[in-house]
Amino acid sequence: MSAARRPRRPAVPSSARDLAMLQIAPIDAAPLPRVHVGPRQTAGTLRVFDRSMGGEVLVYTPTFKTQFDSGHRSGRWYVRPANVVGGAPCSVAFATAREAIDAVSADAWRLRVFAPDALRAPLASGRRPKLRVYWKPTELRA
């Protein structure tokens, strides 16, 4: 007498195909995202590790008067390499930190012409350009 055999579970066709594919081309490592965002730091600054660049960048919003004097705008987010120190913006301005991080992952955050010395140099007249904002008083009322 033979032992009672258990009924065999029906095989899922996709799992058999997946197993055959793994035998042909095994996976050595899981894919990693291009950027890694660390926890928030002082003043809301985010430290982002860009794997393709092999270095860190900072996503920040300006807080110092020198940053505003050199061209930063209030309420906007900027990106700069972590090892660059200076008041001049290295990137275009972004509305949110999320947009800035997406630009880092797409490698589209740098200014087309980044010349920190040229941005810090005074104008020929010796004065810095003033920001002029034109608004109508009725636009502020809600």
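That block above? That's the structure.
Residues numbered from 1 in each chain as written. Predicted model: local features only at pLDDT ≥ 70, side-chain atom pairs only at ≥ 80, totals over all residues. Heavy atoms only, no water.

So, helix 1 (residues 13–24)
The following threshold applies: Strands here are runs of E lasting at least two residues and helices are runs of H or I lasting at least four, both read from the DSSP assignment and numbered beginning at the N terminus. Working rule for helices: expected span equals 1.5 Å times residues minus one. Exposure is judged per residue with a 1.4 Å probe applied to protein chains only, and the accessible area is read against the type maximum: over 50% gives exposed, under 20% gives buried, and values in between give partly exposed.
Taking 1.5 Å as the rise per residue, helix 1 with 12 residues should run 16 Å; its terminal C-alpha atoms sit 17 Å apart, in good agreement. With 0 of its 12 residues buried, helix 1 lies for the most part at the surface.

Focus on the side chain of S91
Heads up, the rule is: Each polar contact in these results corresponds to two N or O atoms within 3.5 Å; when the atoms are within protein, one needs to be able to donate a hydrogen and the other to accept it, and residues that are neighboring in sequence are counted only if both atoms are side-chain atoms. Residue contacts are counted whenever heavy atoms from the two residues lie within 4.5 Å of one another.
Tracing the backbone through its elements, the reader meets S91 in the loop between strand 4 (78–81) and helix 3 (97–105). A polar atom in the side chain of S91 sits 2.8 Å from the backbone nitrogen of V79. If we ignore the near neighbours within four places in the chain, the residues touching S91 are Y78, V79, W109 and L111.

What to know about the side chain of Q67
Here Q67 is to be found in helix 2 (residues 65–69). Setting aside its immediate chain neighbours within four residues, Q67 contacts Y60, P62, H72 and G87.

Side note on the packing of aromatic side chains
So the rule is basically this: Centres within 6.5 Å are what make two rings of Phe, Tyr or Trp a pair, Trp counting through its six-membered ring; a difference in plane orientation under 30 degrees is then read as stacked, over 60 as edge-to-face, and the rest as tilted. Charge-over-ring contacts are defined here by two conditions on Lys NZ or Arg CZ: a distance within 6 Å of the ring centre and an angle within 35 degrees of the ring normal.
According to the stated counting rule, one finds 1 aromatic pair in the structure shown. Note on Y60 and Y78: the rings are 6.2 Å apart at their centroids and 35° apart in plane angle, and the pair reads as tilted. Here Y60, found in strand 3 (residues 55–60), pairs with Y78, found in strand 4; they are 18 residues apart in sequence, far enough to count as distant. Against the face of Y60 rests R80, its NZ or CZ located 5.5 Å from the ring centre.

Considerations on the pairing of strand 3
Each regular strand carries side chains that alternate between the two faces of the sheet. Put simply, the rule reads: Strand pairing is assigned whenever DSSP detects at least two bridges linking the two strands.
Within strand 3, 5 of the 6 residues are buried, leaving the element largely enclosed by the surrounding structure. Here 5 bridges tie strand 2 (residues 46–50) to strand 3, and the two strands are oriented antiparallel to one another. Across the sheet, L46 pairs through a bridge with V59, a residue of strand 3. In textbook terms, the turn of a hairpin is the stretch between consecutive antiparallel strands, and for strand 2 and strand 3 this stretch comprises 4 residues, one of which, G54, has a positive phi near 80°. As paired elements, strand 3 and strand 4 share 4 bridges and run antiparallel to each other. Along strand 4, the bridge assignment pairs V57 with P81.

Regarding the sheet that holds strand 3
Using the following cut-off: To get an axis, a line is fitted to the C-alpha atoms, and for a helix only the part in contact is used. The angle between two axes follows their N-to-C directions and goes from 0 to 180 degrees.
Ordered in space as 1-2-3-4, the 4 strands form an open sheet in which the pairing is antiparallel. At either margin of the open sheet sits one strand with a lone partner, and together these are strand 1 (35–40) and strand 4. Shown here is a sheet whose adjacent strand axes are inclined to one another by a mean of 25°, direction ignored. Strands in contact with helix 3 are strand 1, strand 2, strand 3 and strand 4; relative to strand 2, the strand with the most contacts, it is inclined by about 15°.

Section: the nonpolar core
If you look at soluble globular proteins, the nonpolar side chains tend to sit buried side by side. Note the following rule: Take the buried Ala, Val, Leu, Ile, Met, Phe, Trp, Tyr and Cys residues and link them wherever side-chain atoms come within 4.5 Å; each set so joined is a nonpolar core.
In terms of nonpolar packing, the biggest core is built from 15 residues, with V48, V59, V79, F94, V104 and W109 touching the most fellow members. Elements with a minimum of two residues in this core: strand 2, strand 3 and helix 3. Looking at which element gives the most residues to this core, the answer is helix 3, with 5 residues. Once you skip the residues sitting within four places of it in the chain, W109 turns out to touch V57, V79, R80, P81, C90, S91, V92, F94, A103 and V104.

Distances and angles like these do not, on their own, reveal function.
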